[in-house]
Amino acid sequence: MAGIVLAGVTKEFPGGSVAVSALDLEVADGEFLVLVGPSGSGKTTVLRMVGGLEEATSGEIHIGGRDVTNLAPRDRDIAMVFQTYALYPHMTVAENMAFGLKLRKTPRDEIRRRVEETATLLGLSELLDRKPRALSGGQRQRVAMGRAIVREPAAFLMDEPLSNLDAKLRVQMRAEITRLHQRLRTTTLYVTHDQTEAITMADRVAVMKDGTLQQLETPAALYDDPVNLFVAGFIGSPAMNVVTAALAAADGRVFAAFGDHRLAVPETVLDRRPGARRLLAAGGEVAIGIRPEDIEDAEFAAGAGPDEILEVTVDLAEPLGAETIAHFDALPGVPFTARLSPRTSVRAGRRVKLAVDVERLPLFDPVSGQSLRGT
């Protein structure tokens, strides 16, 4: 196993398009790090540069302490798993898994041992004699994983490996890959556009936008304390609600007002977001983030005060069994989503009171979009 280090890595394509800009990133030895971001954010380009499939315009890439910036992919001691399975249709599962080892002239007994051990690990032992056409999508993806594992590389690079699977199978494979990493502890750089994959699988998550790293944190820290409005809106499903409000002090307390609504901003929140005090002193505005799960039917929120309530008309209510998703406008043209108890009586067209957990309000500068956690 080995860590991966990118130092000042930039990728500029002919014509001047910059896909990745001066990226500094370190994947610790044995870590599962997920690169996440929308299409065009540069995450796949980063993976391809680490794998040697794209040449970095500038900067250095190190794997296991070796400078591999100018090495060919085969000399980097990495194994890749792609969106497409890329299995040889005329070969059996065992032959597909063994193919790379045969090219490296690995002894036959060693190949057999590695293939059998990996097949057992992945639940493929009964399928070794089958051809890819006789396998399900999930089984094919496990074979592709097995082909990478048998090489016993220093690091795995995975590019959207689950995107071709249906929703149920994606959940299953997500859990399988996580368990597999817990057993192997091989350094893994994993790329996805699916933020649910990112926060459920990763030791740490790196969020990218327009070729730059926005934030690198554990999933919990990223979710609870996003560094800017882009990260706040990208991480979480449904996405964080955001509204611009006026900050003001009255009767020794601080409030955020928008439209007909007024929410208390507790001192504990201001202590965590000291930059908000600057905006308060200037009589300015603040962007407030409210997670859908931090909004509840007031009927089930005992003790919620009048300055913790939104009174709104619900546009749409989606009963999902374990929860009800309510949609409404906090202001005209500012849609909000709430994740309510399945016991709620909230329905479309009703005027309702919803309680907000004001202790969990992230606050952002409405102009720069940056979190106000700093001064």
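Quantities reported herein were computed from a predicted structural model and do not represent experimental measurements.

Undergrad: I'm lost on the nonpolar core in this one. Help?
TA: Side chains of a nonpolar character, in soluble globular proteins, are inclined to be buried together. Ranked by size, the top nonpolar core spans 44 residues in total, and within it Val-36, Met-97, Ile-177, Tyr-190 and Ile-235 carry the most contacts. Sequence-distant contacts of Val-36, defined by excluding residues within four places in its chain, comprise Lys-43, Thr-192, His-193, Asp-194, Gln-195, Ala-198, Val-205, Ala-206, Val-207, Met-208, Phe-234 and Ile-235. By size, the runner-up hydrophobic cluster in this structure holds 36 residues, among which are Ala-317, Val-334, Phe-336 and Val-358.

Undergrad: Please explain the sheet that holds strand 2 (residues 18-27) as it appears in this structure.
TA: Strands belonging to one sheet form pairs held by backbone hydrogen bonds; the direction of such a pair is parallel or antiparallel. One open sheet accounts for four strands, arranged 2-1-4-5; its pairing is antiparallel. Both outer strands of the open sheet, strand 2 and strand 5 (66-67), are each paired with one neighbouring strand and no more. Alignment of strand 1 (residues 4-12) against strand 2, held across six bridges, turns out to be antiparallel. Bridge pairing in strand 2 places Lys-11 opposite Val-20. The strands touched by helix 1 (residues 43-51) within the sheet are strand 1, strand 2 and strand 4 (58-63), with strand 1 carrying the most contacts at an inclination of about 115 degrees.

Undergrad: Please clarify how the pattern of salt bridges should be interpreted in this entry.
TA: For side chains of opposite charge, pairing can occur when their charged atoms come near one another. All chains considered together, the criterion is met by 21 salt bridges. Where Arg-351 meets Glu-311, a salt bridge forms, and the shortest distance between an N and an O atom there is 4.0 Å. With a gap of 40 residues between them, Arg-351 in strand 19 (residues 351-356) and Glu-311 in strand 16 (residues 309-319) connect regions that are remote in the sequence. Measuring nitrogen to oxygen at the nearest pair gives 2.8 Å for the salt bridge that ties Arg-339 to Glu-323.

Undergrad: Could you clarify how one ought to interpret helix 2 (residues 93-103) in this entry?
TA: Because the α-helix completes a turn every 3.6 residues, residues three or four places apart line up on one side. Taken residue by residue, helix 2 has Val-93, Asn-96, Met-97, Ala-98 and Leu-101 as its buried positions. Close packing links the buried residues of helix 2 with helix 3 (108-122) and helix 4 (137-149). Remark: Lys-105 follows helix 2 within two positions and exhibits a positive phi of approximately 60 degrees.

Undergrad: Would you explain the pairing of strand 3 (residues 32-36) in this entry?
TA: Put simply, side chains in a regular strand alternate between the two faces of the sheet. Counting buried residues in strand 3 gives five out of five residues, a clear majority hidden from the surface. Where strand 3 meets strand 8 (residues 187-192), five bridges bridge the pair, whose relative direction is parallel. Bridged to Phe-32 within strand 8 is Thr-188. Of the pairings in the sheet, the one linking strand 3 to strand 9 (residues 204-209) comprises four bridges and is parallel in character. In the sheet register, Val-36 faces strand 9, and the bridge partner there is Val-207.

Reading the values: rules and limits
Residues numbered from 1 in each chain as written. Predicted model: local features only at pLDDT ≥ 70, side-chain atom pairs only at ≥ 80, totals over all residues. Heavy atoms only, no water. Core = buried A, V, L, I, M, F, W, Y, C linked by side-chain atoms within 4.5 Å. Buried < 20%, exposed > 50% of the residue type's maximum accessible area, 1.4 Å probe, protein only. Contact = heavy atoms within 4.5 Å. Pairing = 2+ DSSP bridges. Helix = DSSP H or I, 4+ residues; strand = E, 2+ residues; numbered from the N terminus. Axes fitted to C-alpha atoms, helices over the stretch in contact; angles between N-to-C directions. Salt bridge = Lys/Arg side-chain N within 4 Å of Asp/Glu carboxyl O.

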